[in-house]
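Survey of secondary and tertiary structure
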Amino acid sequence: MIELTGIEKVYNDRSSSTHALKGVDLTVRQGEIYGIIGKSGAGKSTLIRCINMLEQPTKGTVIVDGNDLTTMPDNKLREIRKKIGMIFQHFNLLSTRTVAQNIAFPLELAGINKQEIEKRVSNLLDLVGLADKKDQYPAQLSGGQKQRVGIARALANQPKVLLCDEATSALDPQTTKSILELLKTINQKFALTIVLITHEMQVIKEICDKVAVIEDGVIIEQGTVIDVFTRPEAPTTRDFIRNIINHDLPDMFNKTTFLSEPTADSNLVVRLSFIGNSAEEPIISSMIRRFNIDASILYANIDHIQNTPFGTLLLELSGEQGAQQNALTYLNAQELGIEVIGYVTRFNRAVG
Amino acid sequence: MSQDLIELLVKSLWETTYMVAASSLLATLFGIPLGVILVVTDKGHILENLPFNRVLGIIVNATRSTPFIILMVAIIPLTRIIAGTSIGTNAAIVPLTIAAAPFLARVVETAIKEVDFGVVEAAKAMGASPREIIAKVLLPEAMPSIVLGVTLTIISLIGYSAMAGTIGGGGLGDLAIRYGYQRFRADIMIITVLILIAQVQIVQSLGDYLAGRLNKK
């Protein structure tokens with residue numbers, strides 16, 4: 001649906017030039033919710049603006065629904081833009097128009113007749129749950145309500161793509177949740193492709209299918225949300241995920257020295273991560289029974305990424321060295337993520 | 001007060017009202033588009049054209065920095081071309097308009113610059129053309145401030161029109177000078193001043209009311 005290839009953007013100022021995007025490739029499939037996360041200044045805002053050419057890329061091609069927007073003349077581009085909805089962090093509603101008139105605005109631009117506009121606006125008001133506010137002005141609405149108007153307005157021309165530019169960043173957590181739910185509903189109901197940018201991993205976790213992490217004008221990591229959350233590679237990605245899923249060792253291990261090789265009286269510390277169905281299998285208890293070892297749970301957490309359960313477990317295994325190694329082999333054979341943190345001498349045990 | 005004087009007052013009041021109304025209308029007609037052009041051709045805006053913008057800005061500033069009484073006399077040849085004469089009420093409308101239009105243009109420019117650029121961006125993202133952005137976004141959104149700007153312009157014009165006597169334009173200001181000052185008629189001076197104050201009050205109140213009605217913020 002959307003294909004960005006080799007996108008570069010350079011801003012030239014009188015004295016300096018800023019390389020905001022340094023060659024970004026991105027493919028978004030029909031019906032996907034694609035999240036782009038990055039810190040401020042990473043280039044994510046520029047990137048999403050390149051998709052509807054609010055920013056003209058210095059290099060590269062932008063293809064949306066089979067149309068190459070980079071080479072398109074202005075009047076044709078305007079027609080294409082009518083099929084690409086966009087919502088904004090600060091809503092950008094027209095203050096002199098009522099809710100209904102705001103939603104009607106893109107329809108007026110598209111030259112649709114009055115009766116049809118009225119019909120569509122009333123449907124959209126129902127969709128976003130603002131039928132009772134239709135004659136109010138934006139100044140009379142709360143942030144969440146304003147964003148609902150923004151969403152209704154963006155959907156008015158039945159777009160194929162919806163771009164969300166930090167759409168929930170100005171909202172409180174409760175309102176954010178309800179707006180995200182609305183976006184998810186719309187995505188499923190109309191098979192609408194959604195691209196969103198955010199600096200909050202929570203937003204990605206909540207509704208995205210795929211995620212790209214952007215830093216310093218380059219995409220440093222991308223993939224399905226589950227993959228990136230469970231196996232983050234870049235330090236920045238880990239930073240973002242830290243607030244949601246803890247990949248760090250608990251603080252009490254700060255003073256512990258981990259050995260890379262076992263000693264006669266050492267315990268093994270491993271981190272297990274469970275994704276999907278494996279989270280429901282009794283792997284730990286059968287391991288304890290089969291290998292006659294003890295397992296202390298140092299840290300545990302179970303979370304859901306959308307509908308997929310995802311758990312992390314930090315275990316300290318104690319028992320015969322041979323049994324520990326056998327247990328490790330057993331764990332490696334299971335369908336779960338395993339990471340050996342190291343060996344601690346029993347004397348140094350963190351717990352117990 | 002004699003019948004003659006009352007007739008003189010009524011005539012002057014009409015002259016002032018006529019000069020101010022006509023020049024306000026013309027100034028609005030030229031000033032608002034000029035203000036819009038000053039904004040949209042500026043850096044980063046929808047019809048960026050910096051050389052044009054700079055030249056226009058210089059012309060506007062030049063007009064605005066010339067004191068009205070000097071401007072009025074200096075452009076007499078132009079007035080003659082446009083109005084067919086350089087003397088009288090109709091002739092006074094030309095310099096009044098030329099002085100007021102750039103003034104209003106700057107006020108309109110400021111008003112439009114106050115419109116959040118995000119709204120312009122949103123309209124662009126919806127496929128609006130520059131013309132649609134001006135007509136459906138910039139002007140309506142800035143309208144309350146523009147109305148106040150027009151009000152301010154009309155009030156300035158009431159003040160300028162007092163100088164129109166210099167080229168035989170007549171009006172209340174001229175009456176006050178010729179009778180109130182030069183013939184020591186304090187009563188006429190006081191009446192004309194009171195009428196001018198009342199005019200300004202009425203215009204300001206109307207402007208405030210209208211702007212208040214338009215403002216939805």
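Note that the structure is a prediction, hence the values are computed from the model and not measured.

Counting secondary structure elements, chain B contains nine helices and zero strands. In sequence order, the secondary structure elements of chain B are arranged as α-α-α-α-α-α-α-α-α. Dimensions of chain B, computed from the C-alpha atoms along their principal axes, are close to 70 × 40 × 25 Å. Every one of the 217 residues in chain B was classed for burial, and the buried ones make up 47%.

Counting its regular elements, chain A contains eleven helices and 14 strands. Along the first, second and third principal axes, the C-alpha set of chain A runs to 80 × 50 × 35 Å. Here the analysis covers contacts within chain A between residues at least 6 apart in sequence; of these, 71% occur between residues at least 24 apart. When the accessible surface of chain A is split by element, carbon and sulfur atoms take 46% of a total near 16,200 Å². Distance between charge centres in chain A, computed from 37 positive and 41 negative side chains, equals 7 Å.

Residue and element names in this part refer to chain A. Here chain A is described as being made up of domain 1 (2-241) and domain 2 (251-351). Put simply, the middle of domain 1 and the middle of domain 2, counted by C-alpha atoms, are 42 Å apart. Contact residues are listed per partner, giving twelve residues for domain 1 and seven residues for domain 2. Between domain 1 and domain 2, a total of about 720 Å² is buried, with carbon and sulfur atoms accounting for 62% of that surface. Across the contact surface, domain 1 and domain 2 share zero salt bridges. Contributions of two or more residues to the side of domain 1 that touches domain 2 are made by helix H7 (201-207) and helix H8 (225-230). Tallied by class, residues from the side of domain 1 that touches domain 2 come to six nonpolar, one polar and five charged.

This part is about the layout of surface pockets. Estimated volume of the largest pocket: approximately 720 Å³. As for the largest pocket, its lining consists of 25 residues, of which Met53(A), Leu54(A), Arg81(A), His45(B) and Lys124(B) are closest to the centre. Among the secondary structure elements, those contributing two or more residues to the lining of the largest pocket are strand S1 (2-12) and helix H2 (74-81) of chain A together with helix H6 (117-125) and helix H7 (130-161) of chain B. Tallying contributions element by element places H2(A) first for the lining of the largest pocket, with four residues. Together, 24 residues line the second largest pocket, and Leu93(A), Ser95(A), Asp116(B), Glu141(B) and Lys217(B) are the ones closest to its centre. For the lining of the second largest pocket, the secondary-structure elements that each account for two or more residues are H7 and helix H9 (186-214) of chain B. The element that contributes the greatest number of residues to the lining of the second largest pocket is H7(B), accounting for five residues.

Right, let's talk about the pairing of strand S10 (residues 218-224) of chain A for a bit. All names here are of chain A. In this structure, strand S9 (residues 210-215) lies alongside S10, joined through six bridges in antiparallel fashion. Across the sheet, the residue bridging to Ala212 is Gln222, located in S10. Turn length for the S9-S10 hairpin, with the two strands adjacent in sequence and antiparallel, is two residues, and the turn residue Asp216 shows positive phi of about 55 degrees.

Definitions and limits used
Residues numbered from 1 in each chain as written. Chains lettered and ligands numbered in written order. Predicted model: local features only at pLDDT ≥ 70, side-chain atom pairs only at ≥ 80, totals over all residues. Heavy atoms only, no water. Helix = DSSP H or I, 4+ residues; strand = E, 2+ residues; numbered from the N terminus. Buried < 20%, exposed > 50% of the residue type's maximum accessible area, 1.4 Å probe, protein only. Contact = heavy atoms within 4.5 Å. Areas by Shrake-Rupley, 256 points an atom, 1.4 Å probe, with all protein chains shown as cover. Lys, Arg positive; Asp, Glu negative; His and termini not counted. Charge placed at Lys NZ, Arg CZ, Asp CG, Glu CD. Domains from an automatic or database assignment. Buried area = accessible area lost by both parts, 1.4 Å probe. Salt bridge = Lys/Arg side-chain N within 4 Å of Asp/Glu carboxyl O. Nonpolar A, V, L, I, M, F, W, Y, C, P; charged D, E, K, R; others polar. 1 Å grid on protein atoms, 1.4 Å probe; cavity = no way out; pocket = protein on both sides within 12 Å on 5 of 7 lines; lining within 4 Å. Points joined across faces, edges and corners; volume = space filled by probe spheres on them. Pairing = 2+ DSSP bridges.

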